[in-house]
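# Coordinate inspection notes
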Amino acid sequence: DTRFAIDTNTRRYAYPADATPIALPDGVEISMTAGGEFISDDESTYFLMFRPDGSSSGAEIVLSEGSGSAVRIDVNWLTGVPRIVQEHVL
C-alpha cells in the first residue's frame, strides 16, 4: 500500500506520505473528504491509500482559490483512478 497525504492546515501534500511535503501555491486552499480511518487524530492530515491491486481508499479532493474558482477531484475506491468531476466559479 502507498499513501498520499494532505495536510489541510499547512496546505502541503506528499506522495508517498513519508516523502518531503510540497506546499501549494499561495492563495490555493485544499480540502479532502475521506473515511474516518484515513484522517489523523487532530483532523489536519488526510490520507488516500493506493493498493497494489489498483484499488484505493477513495476520496474527494477540492482545490480552490481566492478568485472563486475551484475544482473537485474524485478518486474511485474500486479503480483508484482520479478524475476531475467538477470545475466551477464559487
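None of these values were measured; they are calculated from a predicted model. (Residues numbered from 1 in each chain as written. Predicted model: local features only at pLDDT ≥ 70, side-chain atom pairs only at ≥ 80, totals over all residues. Heavy atoms only, no water.)

### So, the nonpolar core
Stated precisely, the cut-off is as follows: Nonpolar cores were defined as sets of buried Ala, Val, Leu, Ile, Met, Phe, Trp, Tyr and Cys residues, with membership established by side-chain atoms within 4.5 Å. Exposure is judged per residue with a 1.4 Å probe applied to protein chains only, and the accessible area is read against the type maximum: over 50% gives exposed, under 20% gives buried, and values in between give partly exposed. In this description a helix means any DSSP run of H or I spanning at least four residues, a strand means any run of E spanning at least two, and both kinds are numbered starting from the N terminus. Contacts are residue-level and defined by heavy atoms, with any inter-residue pair within 4.5 Å sufficient.
Grouped together as the largest cluster of nonpolar side chains are 16 residues, with contacts concentrated most on Ile 6, Met 32, Leu 48 and Ile 61. Of all the elements in the fold, those that place two or more residues in this core are strand 1 (2-7), strand 4 (28-33), strand 5 (45-50) and strand 6 (59-65). For Met 32, the residues in contact, after removing those within four places along its chain, are Ile 6, Tyr 46, Phe 47, Leu 48, Ala 59, Glu 60 and Ile 61.

### Here we look at the sheet that holds strand 5
The line we're drawing: By the convention used here, strands pair only if DSSP detects at least 2 bridges between them.
A sheet is described by the order of its strands in space; here four strands give the open sequence 3-2-1-5, paired in antiparallel fashion. Whereas interior strands pair on both sides, the edge strands pair on one side only; in this sheet they are strand 3 (22-23) and strand 5. Here strand 1 pairs with strand 5 via six bridges, running antiparallel. Of the residues in strand 5, the one forming a bridge with Ala 5 is Phe 47.

### Re the pairing of strand 1
Bridging between strand 1 and strand 2 (residues 12-14) involves three bridges; their strand directions are antiparallel. Following the sheet pairing, Asp 7 is matched in strand 2 by Arg 12. In sequence, strand 1 turns back onto strand 2 through a hairpin of four residues, with Arg 11 there showing a positive phi of about 60°.

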